[in-house]
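What the coordinates show
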Amino acid sequence: MALTSGLGGQLSIDLGALARNWRALDKVSAGALTGAVVKADAYGTGITVASKALHAAGARFFFVATPDEGMAVRAAVPEAHIFVMNGLYPGAANLYIRQNLMPVLCSVEMLEEWLAKCLERNEAYPSAFHFDTGINRLGFRLNEAGFVRERIEALGYAPQMLMSHLACADQPNHEKNRTQLALFGSVMTQFQGIPASLANSAGLMSGRDYHFQMVRPGISLYGGRALVGRKNPMAAVVTLHVPILQVKEARTGETVGYGAGYSLSRDSRLAIISHGYADGFFRSLSATNSRPGGKVAIRGKLFPVIGRVSMDQVVVDITELGPDIPKPGEGAEVLGANISVDDQGDAAGTIGYEVLTSLKGRYNRNYVGDGNLPPA
Ligand SMILES: *Cc1c(COP(=O)(O)O)cnc(C)c1O
């Protein structure tokens, strides 16, 4: 729940950076169409506003996980082409048709339900087919390809697109990428002439071999790191500043936070910040004396979290800031120029994706950056 007073901090989402990121990726994938993955509330940035901004930047193909997300994109961008990657939810075919959503069919059950609906209405409603080339999540098994082809040939039906998903694309040298690429090629030969899509952000950055006719970037649009161990070329989209509520002096030997798991090894100055795990600041960013935790930036310098992150408060050691003591209300940067979503993810033992999709805290959302966009 955002505070309506605006006193709880500011999440700022830069739509200009989002648009620039899409265009930059579209350049890299020149020759293929560049879609936009806007599942999970557009990685926490707001599916309605983000979809409009991406459409204004040039995106025409949108990928969501669920039909509800598809409906949100349909409302935001009436002319969008929308793929629902989790497939056809049982009993939902009429809704997909009404909303003009394309299910990414990934099992024989889904295929049969969709084909039955097409026959019932005597219309070849569009869909995509997802083949599992090694991730063992959703997808037809490769040995089902023959059955699927015979089934649709008998009816004169053809999908709009063939899809698969890479398990290890964030590690470009992982041998599994080549294996999946080869297996996807073998699927494509069984469905001649159907456009294909394999690459997420990391696949897109791994070279042309992975592009085919459509790429499906998500995390890179939102400024997150796609490839492990490489410099992230994308522009940051999200910044989050939250207020310092109190600054206090504490003595050597005193402990900080629940569990008393951090004791001060020197007289220290502490800033108590209005932010906690209920705001998406993971409890795994807590610090003990033997294990460092997360960081926040104050006046452009990084300071360590000490003690446990609690629901509504986090404590940072600002002793090194010196004598110019912050006043209550001064902002602390949780995400921004000094701390990326990936820095915060690394410190928390997770990934930038989870940091972004956890941006549901008690702060205001503020969209900045592109005066040309239609209003939200
Ligand atoms: C989430 C997802 C994507 C986008 O992945 P990123 O790593 O965020 O670029 C693409 N395809 C599928 C099937 C997905 O589930």
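Residues numbered from 1 in each chain as written. Predicted model: local features only at pLDDT ≥ 70, side-chain atom pairs only at ≥ 80, totals over all residues. Heavy atoms only, no water.

You'll find the chain entered in an unreviewed UniProt entry as Alanine racemase, with Devosia litorisediminis given as the organism. For the chain, the Sequence similarities (unreviewed entry) comment in UniProt is given as "Belongs to the alanine racemase family." Under the Cofactor (unreviewed entry) heading, UniProt states for the chain: "pyridoxal 5'-phosphate". (UniProt positions renumbered as here; feature names shortened; annotations may be inferred.)

Taken together, 13 residues lie near the ligand, and Lys-39, Tyr-43, Ser-201, Ile-219 and Tyr-353 sit nearest. Between an oxygen atom of the ligand and a side-chain N or O atom of Ser-201, the distance comes to 2.5 Å. When the free accessible area of the ligand is taken as 390 Å², the share hidden by the protein chains comes to 93%. Of the residues that constitute the shell around the ligand, the class distribution is six nonpolar, four polar and three charged. (Near = heavy atom within 4 Å. Polar contact = N/O pair within 3.5 Å; in protein donor to acceptor, adjacent residues only side chain to side chain. Areas by Shrake-Rupley, 256 points an atom, 1.4 Å probe, with all protein chains shown as cover. Nonpolar A, V, L, I, M, F, W, Y, C, P; charged D, E, K, R; others polar.)

Below, the discussion takes up the nonpolar core. Membership of the largest hydrophobic core comes to 109 residues, with the highest contact counts inside it found for Leu-54, Trp-114, Phe-129, Leu-162 and Phe-191. Each of two domains, domain 1 (31-222) and domain 2 (238-368), supplies a minimum of three residues to this core. Among all residues touching Leu-54, those that are not within four sequence positions of it are Leu-18, Trp-22, Ala-36, Val-38, Ala-59, Phe-62, Leu-221 and Tyr-222. Counting residues in each nonpolar core, the second largest holds eight residues, with Ala-250, Val-256, Leu-264 and Leu-270 among its members. (Core = buried A, V, L, I, M, F, W, Y, C linked by side-chain atoms within 4.5 Å. Buried < 20%, exposed > 50% of the residue type's maximum accessible area, 1.4 Å probe, protein only. Domains from an automatic or database assignment. Contact = heavy atoms within 4.5 Å.)

In this section: the domain arrangement of the chain. As assigned here, the chain comprises domain 1 (31-222) and domain 2 (238-368). Here the C-alpha centre of domain 2 lies 39 Å away from the C-alpha centre of domain 1. For the pair domain 1 and domain 2, the summed buried surface comes to about 750 Å²; carbon and sulfur atoms form 66% of the total. Among the residues domain 1 hides against domain 2, the three largest losses belong to Tyr-43, Gly-44 and Ile-219. Together they make up 53% of the total. The interface formed by domain 1 and domain 2 contains zero salt bridges. The interface formed by domain 1 and domain 2 holds three residue pairs in polar contact (both at pLDDT 80 or more) in total. Residues belonging to the side of domain 1 that touches domain 2 are distributed by class as follows: five nonpolar, three polar and one charged. (Buried area = accessible area lost by both parts, 1.4 Å probe. Salt bridge = Lys/Arg side-chain N within 4 Å of Asp/Glu carboxyl O.)

Turning our attention to the pattern of salt bridges. Under the defined criterion, the tally for this structure stands at 13 salt bridges. Across the pair Arg-266 and Asp-317 runs a salt bridge whose closest N-O atoms are separated by 3.2 Å. Remark: Asp-317 occurs in strand 15 (residues 313-317) and Arg-266 occurs in the loop between strand 11 (238-250) and strand 12 (268-274); sequence separation between them is 51 residues. Given a relative accessible area of 6%, Asp-317 falls into the buried group. The closest approach of N and O atoms between Asp-324 and Arg-299, which form a salt bridge, is 3.4 Å. (Helix = DSSP H or I, 4+ residues; strand = E, 2+ residues; numbered from the N terminus.)

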